[in-house]
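Residue-level structure breakdown
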Amino acid sequence: MQVFSTVEEIRKIVKGWRREGLSVGLVPTMGFLHEGHRSLIDCAVRENDRVVVSVFVNPIQFGPNEDLASYPRNLEADTILCEKAGAHALFHPAPEEMYLPGFCTFVDVPDLSRFLCGKTRPTHFRGMCTVVSKLFHIVMPDRAYFGQKDAQQLAIVRRMVRDLQFDIQIVGCPIIREPDGLAKSSRNTYLNPEERRAAVVLSRAVALGREMMEHGERSAAAVESAMKCLIEQEPLARIDYVTVADAQSMTPVERIEGPVLCAMAVYIGTTRLIDNFFFGDPLC
Ligand code: AMP
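Residues numbered from 1 in each chain as written. Predicted model: local features only at pLDDT ≥ 70, side-chain atom pairs only at ≥ 80, totals over all residues. Heavy atoms only, no water.

1. Brief notes about the overall build of the chain
In terms of regular secondary structure, the chain is built from eleven helices and nine strands. In terms of overall dimensions, the chain has a C-alpha envelope of 55 × 40 × 40 Å along the principal axes. The proportion of buried residues among the 284 residues of the chain is 54%. Taking the contacts inside the chain whose residues are at least 6 apart along the sequence as the reference set, 73% of them involve residues at least 24 apart. Summed over its atoms, the accessible surface of the chain is roughly 13300 Å², and 50% of this surface lies on carbon and sulfur atoms. The distance from the centre of the 32 positive side-chain charges to the centre of the 36 negative ones in the chain is 2 Å. (Helix = DSSP H or I, 4+ residues; strand = E, 2+ residues; numbered from the N terminus. Buried < 20%, exposed > 50% of the residue type's maximum accessible area, 1.4 Å probe, protein only. Contact = heavy atoms within 4.5 Å. Areas by Shrake-Rupley, 256 points an atom, 1.4 Å probe, with all protein chains shown as cover. Lys, Arg positive; Asp, Glu negative; His and termini not counted. Charge placed at Lys NZ, Arg CZ, Asp CG, Glu CD.)

Laid out in structure tokens, this is it:
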């Protein structure tokens, strides 16, 4: 596996593969890779002749008071994981390589970015869509792999690809969890042992919400309040949001009739964690 840091280099290698008629899969990440990322890479390796993993902590998707500077990074470990997983190239550009001086062009999917995480992170999805579009143009993959852990991101990327008519298949992959249920995340590394124990409350709330819907509860407010009530019993947890939304439009619903996404963001101490489940629609 080769590691590239310039757009020119990765373009050259991918163009060579394309000339040979090989299919290309892309797994966009911010690095500090774990088994969640690994599952995306495994899927990409199974479905494509060549796989590119990008590792880029994208500055424009972080708000002014967010964790851009402290976001965990470990390129050496990431390289080993990608190599073991069978990826063919790791693309690790510096911010200056991706954002030239005077950069001012953005991709936005405002209708799907308004609620859920978009409420507290108003510029996050615009930054994400912009970098993902850039990666799509640079790598020109046949398929790109995203985790359902970031369900709103996945829905937004699907809409962006449809609206801008990118010739790329978006593949959604299930959430990979720790044995106690906590969704794997690079940000879990911020948690001290006490917070780590408390963080299981997110997946417990997911289980409760899912069970209520499976047992026929159709009031979004009833599900949200039961989940909130459970989370509030954990002293280290502070709720950002718990919302049942339409699975396509990402708009909050009152009644659970069509397919829905039930998503949440919860601070455990100062660490903001997310989790979710779909009901009535596999989406992947
Ligand atoms: P990140 O590096 O956090 O930006 O994540 C890169 C990709 O990996 C995104 O598509 C995430 O949804 C996906 N991902 C992160 N954690 C998990 C997980 N626990 N299970 C499945 N996919 C994940």
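2. Comments concerning the sheet that holds strand β8 (residues 260-268)
Read from one edge to the other, the open sheet built from three strands follows the order β7-β8-β9, with strand pairing classed as antiparallel. Looking at strand neighbours, the two that pair on one side only are β7 (237-246) and β9 (271-279), the edges of this open sheet. Strand-to-strand, the axes of this sheet are offset by a mean angle of 15 degrees, without reference to chain direction. (Pairing = 2+ DSSP bridges. Axes fitted to C-alpha atoms, helices over the stretch in contact; angles between N-to-C directions.)

3. Topic: the layout of surface pockets
Any space left empty among the atoms is revealed by the rolling of a water-sized probe across them. Of the pockets and cavities examined, the second largest pocket occupies roughly 180 Å³. Lining the second largest pocket are 16 residues, and of these V55, F56, V57, R73 and H92 lie nearest its centre. The residue makeup of the lining of the second largest pocket, split by class, is eleven nonpolar, three polar and two charged. (1 Å grid on protein atoms, 1.4 Å probe; cavity = no way out; pocket = protein on both sides within 12 Å on 5 of 7 lines; lining within 4 Å. Points joined across faces, edges and corners; volume = space filled by probe spheres on them. Nonpolar A, V, L, I, M, F, W, Y, C, P; charged D, E, K, R; others polar.)

4. Side note on the packing of helix α10 (residues 200-214) against helix α11 (residues 220-232)
One can describe the packing of α10 onto α11 by two numbers: an axis separation of 9 Å at closest approach and a directional angle of 150 degrees. Of the possible angle classes, the one that applies to α10 and α11 is roughly antiparallel. By crossing handedness, the relation of α10 to α11 is classed as right-handed. Two secondary-structure elements touch here, α10 through V201, R204, A205, V206, L208, G209, M212 and M213 and α11 through A222, V223, A226, M227, L230 and I231. Classifying every residue of the contact of α10 with α11 by side-chain character gives twelve nonpolar, one polar and one charged. (Parallel < 35°, antiparallel > 145°, perpendicular 65-115°, else oblique. Left-handed = near helix turned anticlockwise from the far one by under 90°.)

5. Some points on the sheet that holds strand β5 (residues 143-147)
As summarised here, the arrangement of the six strands in space is β1-β4-β3-β2-β5-β6, forming an open sheet in which the pairing is parallel. With one partner strand each, in any of the chains shown, β1 (2-4) and β6 (169-173) form the two edges of the open sheet. Strand after strand, the sheet turns through a mean of 25 degrees between neighbouring axes, direction not considered. Bridge count between β1 and strand β4 (residues 89-91): three bridges; the pairing is parallel. Across the sheet, F4 pairs through a bridge with F91, a residue of β4.

6. Some thoughts on the state of the cysteines
Within the structure shown, the criterion is met by zero disulfides. We note that C104 lacks a disulfide partner, and the nearest cysteine sulfur, in C129, lies 17 Å from it. (Disulfide = S-S within 2.5 Å.)

7. Concerning helix α2 (residues 35-47)
Between its terminal C-alpha atoms α2 stretches 18 Å, which fits the 18 Å expected from 13 residues at 1.5 Å a residue. Residues of α2 that are buried include every one of G36, H37, S39, L40, I41, C43 and A44, and no others. Of the surrounding secondary structure, the elements contacted by the buried residues of α2 are β2 (24-29), β3 (50-55), α3 (75-85), β5 and β6. (Expected span 1.5 Å × (residues − 1).)

8. Concerning the nonpolar core
Core analysis: the largest hydrophobic core is formed by 49 residues, its most contacted members being V52, F136 and I170. Among the elements that make up this core, the one with the highest residue count is helix α7 (residues 124-139) (nine residues). Excluding residues that lie within four positions of it along the chain, V52 makes contacts with I10, V14, W17, V24, G25, L26, V27, A89, F91 and V139. (Core = buried A, V, L, I, M, F, W, Y, C linked by side-chain atoms within 4.5 Å.)

9. Observations concerning the packing of aromatic side chains
All chains considered together, the criterion is met by five aromatic pairs. Aromatic side chains F62 and Y71 sit 6.0 Å apart centroid to centroid with 75 degrees between the ring planes, which places their arrangement in the edge-to-face category. Comparing F62 with Y71, the two get one shared label, buried. Summarising the aromatic geometry, the rings of Y99 and F103 are spaced 4.8 Å apart at their centres and angled 80 degrees between planes, so their arrangement reads as edge-to-face. Among the aromatic residues, those joined into a ring-pair cluster are F56, Y99, F103 and F106. One Lys or Arg, R126, reaches over the ring of F106 and ends 3.8 Å from the middle of that ring. Cation over ring: R238 sits above Y267, and NZ or CZ is 4.3 Å from the ring centre. (Phe/Tyr/Trp six-rings, centres within 6.5 Å; stacked < 30°, edge-to-face > 60°. Lys NZ or Arg CZ within 6 Å of the ring centre and 35° of its normal.)

10. Focus: the pattern of salt bridges
With the rule as written, the count across this model stands at eleven salt bridges. Notably, a salt bridge pairs D180 with R196, separated by 2.9 Å at the nearest N-O pair. Remark: R196 occurs in helix α9 (residues 193-198) and D180 occurs in the loop between β6 and α9; sequence separation between them is 16 residues. The salt bridge partner of D240 is R272, with a shortest N-O separation of 3.0 Å. Here D240 is found in strand β7, whereas its partner R272 is found in strand β9, with 32 residues between them in sequence. Under the relative-accessibility criterion, D240 is labelled partly exposed at 22%. The network of salt bridges with common partners includes E35, E178 and K184. (Salt bridge = Lys/Arg side-chain N within 4 Å of Asp/Glu carboxyl O.)

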